[in-house]
Amino acid sequence: MKMEKKLGITKLRSPIVTIVGHVDHGKTSILDYFRGTSVQEGEAGGITQKISYTKFPIERIREASPLLDAKGVKLEIPGFLFIDTPGHAAFTNLRKRGGSLADLAIVVVAIKEGIQPQTAEVLQILKTYKTPFLIALNKVDTISGWRKKGDLKNSIDSQSINVAQEFQESLLTFQGALNEHGFDSDLYYDIGDFTKKIAIVPCSARTGEGISELLFVLSGLCQRFLKEKLKVSQEAKGVILEIKKEKTIDYVESILYDGKLEIGDEVAIASFGEPILSKIRSLEEIEPLTFKYKSVKGVNAATGVRIHLTNKEGILPGMPFQKINNDFEDLKKTFRKEVSGALNTDKQGIIVKADSLGSLDALLSLLRQGNIRIVKAGIGPIGNGDIISAKANLDIDPLDAIIVGFNVGVEEELELGKVKVITGDVVYKLIDDLEKWRRIKADEIEKSKLMEMETISKLEILPQYIFRNSNPAIFGVRVVGGKIRVGIPLIDDKGEEVARVKGLEHEKKSVKGASEGQELAISLPGINFERRLKEIKYLYSYVSRNGMKKFKEHRDLLSSKEKSVLSEIAELEKMS
């Protein structure tokens with residue numbers, strides 16, 4: 001212990017490093033190479049399904065990166081705690097009080113694919129919360145003709161002309177895209193000031209090239225810039241990741257990011273109401289370089305830990321927790337501020353649900369960047385209360401009658417009515433789907449307003465269905481184009497006035513309107529069918545000059561058939 005204090009190992013905790021990026025760009029594969037395992041192959045479709053963590057001790061860092069000893073770097077950190085996430089930005093946003101849970105991030109980008117939508121989301125979240133990061137420019141081995149030659153710099157400098165040209169083009173394209181997101185960058189060995197430029201480390205998770213250099217740069221950044229942040233305090237603080245059940249035991253999978261936690265400690269866990277109080281029955285800590293746990297009496301930050309609690313009722317993923325030290329009232333205020341800050345809502349807007357506090361916080365942030373207002377937000381499945389809130393929006397603003405759910409389900413037997421529900425586990429696609437639905441809905445509303453003023457309609461008279469000759473004339477028609485509704489004025493195929501529609505009947509039931517393709521009976525007052533309509537094949541809705549102008553201004557809202565009928569009506573009205 002004295003030797004450890006002398007070396008400074010106990011003074012600093014392990015930095016928490018989150019590995020993020022677009023799906024299938026190699027996040028888990030890089031972590032596999034670090035720890036010498038092959039988790040990625042076991043994932044569904046090779047894609048990380050949940051958050052996991054890996055404890056990476058200092059001995060393994062030195063072993064995996066001989067550059068540290070070669071350059072005489074003496075590490076004071078006890079290791080790393082790596083967090084592997086699905087690529088979605090929401091998982092990047094593991095939160096703690098005052099900022100991101102991650103001390104630093106590795107953004108993994110496939111060299112030939114560059115910045116994809118999920119990468120862009122990740123960069124936005126990292127920028128918002130000022131989380132430092134470096135780039136692992138992965139899959140350099142996919143450049144045709146690439147050969148691994150000694151250390152990374154020597155390898156890059158020694159490629160043939162064609163290979164070097166392809167590498168430089170890919171690198172410059174990526175740097176340009178990164179610059180558009182507000183970041184200057186360069187290859188790590190060309191950077192003089194790491195506070196001004198983002199370090200890029202080309203690598204291959206398949207061959208292992210660049211992995212030593214990646215760890216070297218990561219270690220150097222932590223050692224140089226994060227020392228103050230990594231000093232451990234006396235207060236045990238953490239974040240709940242998941243609530244799990246194994247056999248008959250319920251436990252919470254968590255990250256302890258500060259202090260020390262022991263069996264018997266009392267903790268407070270934040271919630272949307274009063275904090276949840278519980279005692280620690282047992283602790284299991286993640287073992288280095290594995291997904292296995294071992295029972296322990298106490299754990300020191302930073303580490304991954306399973307906690308068996310005396311009270312688990314109402315615990316939600318993503319919520320912060322803290323050991324109670326005669327400061328419960330202060331903790332209540334702190335938690336209230338932290339949770340309510342993540343759930344700031346507007347006076348009106350859409351309804352949003354997510355699977356954890358962190359993912360909800362990230363989703364709300366990205367929605368607001370798209371100028372989308374949120375009236376209600378919460379954690380957990382979409383339920384009846386959410387449907388009621390969305391239905392209320394039908395009268396306030398139909399564009400807000402929608403519920404967006406990230407990584408959550410919908411409770412069974414819910415009556416959705418006219419409420420739209422969009423769920424998914426990829427944030428950018430959720431937002432794209434939301435915006436697409438709102439555009440379509442806005443067009444429908446605008447078209448409905450147009451059609452309320454005047455209607456585009458072309459009717460074919462069905463002479464085999466004459467139900468009454470006059471007072472009023474009742475006969476069959478087919479809606480060839482547009483719509484028909486009660487009360488609109490009709491003209492004939494010479495542009496001459498006929499009558500206003502008195503009534504419509506479909507399958508022996510009175511209706512207010514009908515759409516293209518439908519056949520129904522129409523009632524016209526003051527008309528004798530035999531004398532007035534016997535020789536007429538088509539009837540059209542009358543459209544005023546103002547109505548014609550409005551329709552032409554909004555032609556993009558009309559179907560091709562409606563446009564065609566409108567043109568016919570315009571020609572007929574010129575004739576009359």
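Preceding this paragraph is the structure being described.
Moving on: helix α15 (residues 545–553). Every buried residue belonging to α15 is among G547, M548 and F551, and all of these are buried. Along the long axis of α15, the arc covered by the buried residues comes to 100°, so they all point the same way. In α15, those exposed residues whose orientation departs by more than 90 degrees from the buried face are R545 and K549.

Our next topic: the packing of helix α6 (residues 117–128) against helix α11 (residues 357–369). Contact geometry for α6 and α11: axes closest at 11 Å, N-to-C directions at 100°. Between α6 and α11, the angle falls in the class roughly perpendicular. Of α11, the residues touching α6 (which contributes E121, Q124, I125 and T128) are A362, L366 and Q369. Residue composition of the contact of α6 with α11, grouped by class: 3 nonpolar, 3 polar and 1 charged.

Two orientations exist for strands paired in a sheet by backbone hydrogen bonds: parallel and antiparallel. With parallel pairing, 4 strands are arranged side by side in an open sheet as β20-β19-β21-β22. Every interior strand has two partners, whereas the edge strands, β20 (374–379) and β22 (420–424), have only one. Ignoring which end each strand starts from, the neighbouring axes of this sheet average 15° apart. Helix-sheet contacts for helix α12 (residues 384–396) involve β19 (350–354), β20, β21 (402–406) and β22, and the interaxial angle to β19 is about 160°.

Here the focus is empty space enclosed by the protein. Inspection of every chain in the model, using the stated rule, returns 2 cavities of 30 Å³ or more. By volume, the largest cavity is sized at about 50 Å³. Considered class by class, the residues forming the lining of the largest cavity number 2 nonpolar, 2 polar and 3 charged. Taken as a whole, the second largest cavity spans an internal volume of roughly 30 Å³. For the second largest cavity, the full set of lining residues is I240, V252, V267, I269, I307, L309 and F321.

Quick notes on the rules
Residues numbered from 1 in each chain as written. Predicted model: local features only at pLDDT ≥ 70, side-chain atom pairs only at ≥ 80, totals over all residues. Heavy atoms only, no water. Buried < 20%, exposed > 50% of the residue type's maximum accessible area, 1.4 Å probe, protein only. Helix = DSSP H or I, 4+ residues; strand = E, 2+ residues; numbered from the N terminus. Arc of directions from axis to C-beta. Axes fitted to C-alpha atoms, helices over the stretch in contact; angles between N-to-C directions. Parallel < 35°, antiparallel > 145°, perpendicular 65-115°, else oblique. Contact = heavy atoms within 4.5 Å. Nonpolar A, V, L, I, M, F, W, Y, C, P; charged D, E, K, R; others polar. Pairing = 2+ DSSP bridges. 1 Å grid on protein atoms, 1.4 Å probe; cavity = no way out; pocket = protein on both sides within 12 Å on 5 of 7 lines; lining within 4 Å. Points joined across faces, edges and corners; volume = space filled by probe spheres on them.

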